[in-house]
Amino acid sequence: MPSAGGRYPVDAHVALDGGATGYDPLAHALYAPPPSGPGWTVRLTLAPDRTTWRYGRRSLPLLLLDLGHAVAAVRAASAATGAGATVTLARCAGGFPAATIRIGPASGPSPPPVSGPATADAAGPPARPADRQIVAALRSLAVPPVWVPSASSPVPARVLLARRSATWDEITRPGAEDLPPAVFDAARACRSGLVDTHVVTRKDNRTLLAALARHSAGQVRLADAAAILLVTATPDPDPPTVVARHLDAAEVVHAAWLAATAHGVPARPVGSWIDARLDGPQGRRRVTHALVLGGPAPPPTASRKPGPAVGCHATTERHDRTEP
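Residues numbered from 1 in each chain as written. Predicted model: local features only at pLDDT ≥ 70, side-chain atom pairs only at ≥ 80, totals over all residues. Heavy atoms only, no water.

Some points on the environment of Ala217
We count it as follows: For helices the rule is a DSSP run of H or I covering at least 4 residues; for strands it is a run of E covering at least 2, with both sets numbered from the N terminus onward.
The topology assignment puts Ala217 in the loop between α7 (206-213) and β8 (227-233). Each C-alpha atom, one on Ala217 and one on Asp275, is 9.9 Å from the other, the two residues being 58 residues apart in sequence.

Here we look at helix α8 (residues 242-262)
Heads up, the condition is: Here a helix's expected span is defined as the number of its residues, less one, multiplied by 1.5 Å. For every residue, the accessible area (1.4 Å probe, protein chains only) is compared with the maximum for its type, and the residue is labelled buried under 20%, exposed over 50%, or partly exposed between those bounds.
When the terminal C-alpha atoms of α8 are compared, their 31 Å separation across 21 residues agrees well with the 30 Å that a helix rising 1.5 Å per residue should span. For α8, the buried fraction is high: 20 of the 21 residues fall into the buried class. Phi turns positive one or two residues past the end of α8, at Gly264, with a value near 70 degrees.

Regarding the packing of helix α2 (residues 59-80) against α8
Keep this limit in mind: Structural elements are reduced to axes, namely lines fitted to C-alpha atoms, with helices fitted over the stretch in contact, and the angle between N-to-C directions of any two is expressed from 0 to 180 degrees. Oblique is the label for every angle not falling under 35 degrees (roughly parallel), over 145 degrees (roughly antiparallel), or within 65 to 115 degrees (roughly perpendicular). In this scheme, a crossing is called left-handed if the near helix is turned counterclockwise away from the far one by less than a right angle; it is called right-handed if the turn is clockwise. The criterion used for residue contact is that any of the two residues' heavy atoms lie within 4.5 Å. Classification convention: Asp, Glu, Lys, Arg as charged; Ala, Val, Leu, Ile, Met, Phe, Trp, Tyr, Cys, Pro as nonpolar; all other residues, Gly among them, as polar.
Axis separation between α2 and α8 bottoms out at 8 Å; the angle between their running directions is 50 degrees. Here α2 lies oblique to α8, going by the angle between them. Handedness of the crossing formed by α2 with α8: right-handed. Residue-level inspection shows Pro61, Leu64, Leu65, Leu67, Gly68, His69, Val71, Ala72, Ala73, Arg75 and Ala76 of α2 in contact with α8, the latter providing Val242, Val243, His246, Leu247, Ala249, Ala250, Glu251, Val253, His254 and Leu258. Its residues placed into classes, the contact of α2 with α8 shows 15 nonpolar, 4 polar and 2 charged.

Observations regarding the nonpolar core
Proteins that are soluble and globular tend to have nonpolar side chains buried together. Heads up, the rule is: For the purposes of this section, nonpolar cores are sets of buried Ala, Val, Leu, Ile, Met, Phe, Trp, Tyr and Cys residues that join through side-chain atoms within 4.5 Å.
In terms of nonpolar packing, the biggest core is built from 29 residues, with Leu44, Leu46, Val71, Leu89, Ile101, Leu138 and Trp147 touching the most fellow members. For this core, the secondary-structure elements that each account for two or more residues are β4 (40-46), α2, β5 (85-91), β6 (97-103), α3 (129-140) and α8. Per-element tally for this core: the top contributor is α2, with 7 residues. Leaving out residues up to four positions away in the same chain, Leu44 has contacts with Val10, Asp11, Ala12, Leu67, Ala70, Val71, Val74, Ala98, Ala99 and Ile101. Membership of the second largest hydrophobic core comes to 23 residues, among which are Leu179, Val183, Ala227 and Ala256.

Right under this line is the structure:
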């Protein structure tokens, strides 16, 4: 699952049959597995200080995108097992937007409450000014009572396990220009009325790629990507749509990311943008999220053993190395 700066501000809590536990990302296991049952409830809550520690006042969209990717990851894992997933939004005890995902039967006992992370008002070191501003913004955002993620095609478990953020060397690999249309089709099928998608390729518009790189918070190598899938929205959204817009943007990028993984295309989500806007037929749009893409890796070449030297008595040394 991607996270801006590797901060991972989303905590997962699992509830079943009146019991609750948490997910340990380092051990990739539940702290205390609850008893088996017909359905699970996963609650995703935000710990904003993990992100504001690094990004300060730019943290708000990054936190919402991280929450959206966490929702998309749980939904994709649920679909891979053949189970259904129902998403509802609410607030955790800290007042921040939170998502509850019911996996399995839609009906069942209500899970126990989850307290969520400590807030800026809790005892401890005083929060930085940026922290207080982001906490206040999160608490003021309207959380839609009903949010229905777009339907996306299930992917096999092997794709979920292979999903990762590609390196910039993979993204900027020279000579790779043609990308599978299925990657962009997955994004278009997942978009909602709150966001749009645009594709910019190195082959067709290197100038625009360079301009986008200047607004990508220092990720200058984006200018040499094979392509970029942009998710855009209105520059000044209605306050009630801010949360849903960012969750939708994360869903679109996640769906395209999984499709790219399935087709062997290196991909890397990019969520940090500074005043990146596009002018088009629908007017001015703000870049909300993006997925940069590289070309598929070239097929391996067959190794050839050198034949015996003729008329030469000098020795040759063979230096094996592993390609990055």
